[in-house]
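Survey of secondary and tertiary structure
Single-letter residue listing:
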Amino acid sequence: MAARNVAMREAIRRALREEMRRDENVFIMGEEVAHWQGTHRVTRGFLEEFGERRVRDTPISEMAIGGLAVGAAMAGLRPVAEFMTINFAFLALDAIANHAAKVRYFFDGMFKAPLVYRAASGWGNQATASHSHAPEPIFAHFPGIYVGCPSNSLDAYGMLKASIRDDNPVLFTESIALYPKPSPMPDDLNDDYLIPIGKGDIKREGADVSLVAYARGVDWALQAARQLARDDIEAEVVDLRWLRPLDMELVYNSFKKTNRCVIVEESLPMYSFGGEIAANLQEHMFDYMDAPIKRVAAEDVPLPYSKDIELLALPNARKVVDAVKEIL
Amino acid sequence: MVYFPTDMEEQIAVIDEGKAMAAPSKEMLLDWYRQMVLIREFEETCHQLYEEKRITGVYLHLYSGHEASGVGSMAALRKTDHVITAYRDHGIALILGMDPKAVMAEMMGKKTGSSGGKGGSMHLASKDHNFWGGYAIVGGHLPLAAGIALEARYRGKDDVTMTYVGDGATNNGYFHESLNMSAIWDLPVLWIIENNGYGMGTEVERASGQIELHRKAEAYGIKSFGRVDAQNALEVYAVASKAVEYARSNGPAVIEHVTYRYRGHGVSDKQYDARDDMSAELREWVKTREPIKILRDCIESQYGDVSEILAKHKEDARKIVAESVAYAEASELPSSYDDLLSNTYVASELVYKTDQSVGAGID
């Protein structure tokens, strides 16, 4: 199949632009999305094409951005609200967790809130502690909202389109480290290429160990799998893609084959993605379990500025390889 | 100390000067009376039902004392306008015409409640009445109001979003961010600050550096229509009418309604029993600034003896509320897992036309 390497930010831009062309109700708002052309350049050229009505610069007001999207969505629009980074979305946690996720429930289905919060996420680049978070599991804690975290360009494209078209609120994270990373997209991709919400994906097949991950964790898992293959260890890489709904069936099916699991995530280790996956596995797959489940996550510490100790805190392929070798 | 702003007379005089509204008709005034006695009867019944543990739950914030604030201001709206408020929402729901039976059933957590028993006292809403709901986090509904108003602006409609906000909420970030957003985007929101003197148990003077709360809006370049004696429905209506039309044509506006809560912050609030100064203050408000009496005096001074009509409205209110209680108590409680889980999400109507083989062959 003819394909071309595309950076994830380009794939996201293309998905957003196509959805805005397709549906007049879709608009984007956020800090620096219009005149500045987007902090991460995702919305480059949007102001020129769609104008100020549909590409709306906001003041630095995350609480209002978070809540305004809910009201606009309830009233019939389909807002895409960008948080410049997910660190700033903490300021909007009430709007996200108490309003976006709950307006449908506490009015018993009277309203819907078809909105997408986009947020750049991730650790590193000496951004220092308060700008270094991959806190997707915090947002996935709340029923009523979906959480999507793509690991490559094609997934980002199909997942974002599905998020915009779905009638539920979605928090969609975009790994800052993956923004510039090219990955293949087919040339004849259909405008309606949607990745179903809650459907994970096997990114690499293998029979010896399941590496369960999402977003940037998938990248580390794939690197580790290539290294392990040199030692004749075949790792299966399971990309959940969505933290909510969580495609545990996909994990179970892989685990039944491999009987071993290492969970890889960029997030912090306590009360985490890894904890959730491991808990489900021990409860439902106990009879298939041949070794302890291992978790590779960020170190349990705020991220420092200085380069060498910053790297110490982050997960990487080496740590994944080591974890796999401990349980084989 | 009796809470009542000392400069109120002066403020009202300023408002009077600029007032050129058509006076409400006799029919309108009588209907306001009907609405106000219905709210009072409903709220006092709720209070009693709470004391008798027939309404359970820890939160029940009553609108008794506030009636003229909602009745007078919403009389200035047209059908296509929007209304949103915080958790003191029963009166707002009744003014908009929600069925008292469904509202009372919601108080009791019944399946027949307006939110199916999932929302309770603080989460009343009705799509059919453009009532976007009561919300329970202080200030949390304010950006939602801006978003609802944005939809009107986005589609070129001139509907106004009337937004009630308590005095306490004017101190949190939602208020400031939402007012500012409404200003820079010219959103047709009428922000009505219902200042009843207390954010829960804290007096306005102890909570806010600026005690003329409407002036906070000036910081964002928003047109203020000042302070209104919100125990007087006619004053409320006169100012709201101007402000609604201003919001419709120009963008956001603010009014500060000075009012009082007769039943404390919520029904569990025992401050009025525990503190002599507060119970004296409450008695003073009831004696001198009772909204239903003020309206009644006004109607009678203009139209003479209408006592028969007023008595009929009171009797009807008693009947309607008694029927709502009977209906609610006879209704079924939600009890199944399906009741618990339903309406967490919208069932997806997305048709995934995706050919799953796309992308499968590439690495």
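To keep things clear, this report deals only with the structure shown in the data block. Residue numbers here run from 1 along each chain, matching the order of that chain's written sequence. Chains carry letters from A onward and ligands carry numbers from 1 onward, assigned in written order. For a predicted model such as this one, the threshold for reporting local features is a pLDDT of at least 70, and the threshold for listing and counting side-chain atom pairs is 80 or more; totals across whole chains, interfaces and linings nevertheless cover every residue. Only hydrogens and water are set aside when side-chain values are computed; all heavy atoms of the structure are taken into account.

**Looking at the packing of helix α9 (residues 216-229) of chain A against helix α13 (residues 317-327) of chain A**
When two helices pack together, their arrangement is captured by the angle between the axes and the distance separating the axes. All names here are of chain A. Following both chains from N to C, one finds α9 and α13 inclined at 55 degrees, their axes separated by 8 Å at the closest point. With respect to each other, α9 and α13 are oriented oblique. Note that α9 runs across α13; the crossing there is right-handed. Residues Trp220, Gln223, Ala224, Gln227 and Leu228 of α9 pack against Ala317, Arg318, Val320, Val321, Val324 and Lys325 of α13. When the residues that make up the contact of α9 with α13 are grouped by side-chain class, the tally is seven nonpolar, two polar and two charged. The angle between two axes is taken between their N-to-C directions and runs from 0 to 180 degrees, where each axis is a line fitted to C-alpha atoms and a helix contributes only its stretch in contact. Runs of H or I in DSSP of at least four residues are treated as helices and runs of E of at least two as strands, each being numbered from the N terminus. Orientation labels follow simple angle bins: below 35 degrees gives roughly parallel, above 145 gives roughly antiparallel, 65 to 115 gives roughly perpendicular, and whatever is left gives oblique. Crossing chirality is assigned from the near helix's rotation relative to the far helix, an anticlockwise turn below a right angle marking it left-handed and a clockwise turn marking it right-handed. Here, residues are in contact when the closest pair of their heavy atoms is within 4.5 Å. All amino acids are sorted into three groups, where Ala, Val, Leu, Ile, Met, Phe, Trp, Tyr, Cys and Pro are nonpolar, Asp, Glu, Lys and Arg are charged, and the leftover types, Gly among them, are polar.

**Remarks on the layout of surface pockets**
Residue and element names in this part refer to chain B. Using only the protein atoms, space was sampled on a 1 Å grid; points where a 1.4 Å probe fits but cannot get out form cavities, open sets with protein on both sides within 12 Å along at least five of seven lines form pockets, and lining residues are those with an atom within 4 Å of a point. Grid points are joined across faces, edges and corners, and a volume is the space filled by probe spheres set on the points. Approximately 530 Å³ is the volume found for the second largest pocket. If you trace the second largest pocket, you find 24 residues lining it, with Met74, Lys79, Ile95, Leu96 and Gly97 closest to the centre. Secondary-structure elements contributing two or more residues to the lining of the second largest pocket are α2 (26-51), α3 (67-74) and α4 (90-95). For the lining of the second largest pocket, the element with the highest residue contribution is α2, accounting for six residues. Among the residues making up the lining of the second largest pocket, the classes are represented as 14 nonpolar, four polar and six charged.

**Description of empty space enclosed by the protein**
Tallied over the entire structure, the rule returns two cavities of 30 Å³ or more. Put simply, the largest cavity is a space of about 50 Å³. Every residue along the wall of the largest cavity is listed here: Ser121(A), Glu136(A), Thr173(A), Glu174(A), Ser175(A), Tyr214(A), Ala215(A), Arg216(A) and Glu266(A). Looking at side-chain class alone, the lining of the largest cavity contains two nonpolar, three polar and four charged residues. Domain start and end points were adopted from an automatic or database domain assignment. Per-domain counts for the lining of the largest cavity show at least three residues from each of domain 1 (3-186) and domain 2 (201-326) of chain A. Size it by volume and the second largest cavity reaches roughly 30 Å³. Around the second largest cavity sit Ala100(A), Arg104(A), Lys112(A), Ala113(A), Gly144(A), Asn168(A), Pro169(A), Thr344(B) and Val346(B), which together line it.

**Examining the sheet that holds strand β14 (residues 294-296) of chain A**
Residue and element names in this part refer to chain A. Two strands are counted as paired when DSSP detects at least two bridges linking them. The five strands are arranged β9-β11-β10-β13-β14 in an open sheet whose pairing can be described as mixed. For this open sheet the edge positions go to β9 (201-204) and β14, each flanked by a neighbour on one side alone. Shown here is a sheet whose adjacent strand axes are inclined to one another by a mean of 25 degrees, direction ignored. Where β9 and strand β11 (residues 235-239) come together, three bridges link them in antiparallel fashion. By the bridge assignment for β11, Ile202 is matched with Val238. Each of β9, β10 (209-213), β11 and β13 (261-264) touches α9; the most contacted strand, β11, lies at about 170 degrees to it. Sheet contacts for helix α10 (residues 248-258): β9, β10, β11 and β13; angle to β11, the most-contacted strand, approximately 170 degrees.

**Some points on the nonpolar core**
Ranked by size, the top nonpolar core spans 82 residues in total, and within it Ile96(A), Tyr117(A), Val212(A), Ile277(A) and Leu281(A) carry the most contacts. Apart from the residues within four sequence positions on either side, Ile96(A) is in contact with Phe83(A), Ala89(A), Ala101(A), Tyr117(A), Phe139(A), Ile145(A) and Leu171(A). Residues belong to a common nonpolar core when they are buried Ala, Val, Leu, Ile, Met, Phe, Trp, Tyr or Cys residues joined through side-chain atoms within 4.5 Å. Throughout this description, buried means an accessible area under 20% of the type-specific maximum (1.4 Å probe, protein chains only), exposed means over 50%, and partly exposed covers the range between.

**What about a nonpolar patch on the surface?**
Side chains of Tyr337(B), Leu340(B) and Leu341(B) sit close together on the surface and give an oily, nonpolar patch of about 370 Å² of accessible area. With respect to the secondary-structure elements, Leu341(B) resides in helix α15 (residues 337-341). Nonpolar side chains (Val, Leu, Ile, Met, Phe, Trp, Tyr) within 5 Å and like charges within 9 Å form the patches, drawn only from residues with over 30% relative accessible area and no salt bridge. Working definition of accessibility: Shrake-Rupley area with a 1.4 Å probe, residue cover restricted to the visible protein chains. Note on definitions: salt bridges are taken to be side-chain nitrogens of Lys or Arg within 4 Å of carboxyl oxygens of Asp or Glu.

**Looking at the sheet that holds strand β2 (residues 131-134) of chain B**
Residues and elements named next belong to chain B. Taken together, six strands build an open sheet; the order of strands is β2-β1-β3-β4-β8-β7 and the sheet is parallel. Two strands lie at the open edges of the sheet, namely β2 and β7 (223-229), each paired on one side alone. Sheet twist, expressed as the mean angle between neighbouring strand axes with direction ignored, is 15 degrees. Strand direction decides the pairing type here: strand β1 (residues 82-85) and strand β3 (residues 161-166), joined by three bridges, are parallel. Its bridge partner being in β3, Ile84 is matched across the sheet by Thr163.

**Re the interface of chain B and chain A**
At the junction of the two partners, chain B supplies 54 residues and chain A supplies 64 residues. Across the chain B to chain A interface the summed buried area is about 4,900 Å²; carbon plus sulfur atoms make up 66%. In terms of surface lost to chain A, no three residues of chain B exceed Tyr154(B), Tyr345(B) and Val346(B), which account for 17% of the buried area on that side. In this structure, the connection of chain B to chain A is made through one salt bridge. Lys118(B) serves as the salt-bridge partner of Asp108(A), at 2.8 Å between the closest nitrogen and oxygen. Nitrogen and oxygen atoms within 3.5 Å of one another constitute a polar contact, given that in protein one can donate a hydrogen and the other can accept it, and given that sequence-neighbouring residues count only through two side-chain atoms. The interface formed by chain B and chain A includes 18 residue pairs in polar contact (both at pLDDT 80 or more). Counting residues per element, the ones that place at least two in the side of chain B that touches chain A are β2, α6 (142-154) and α7 (173-184) of chain B. Per-element accounting of the side of chain B that touches chain A gives the leading share, eight residues, to α6(B). Residues that form the side of chain B that touches chain A fall into these classes: 24 nonpolar, 21 polar and nine charged. Two parts placed together each lose some accessible area; with a 1.4 Å probe, that loss summed over both constitutes the buried area.

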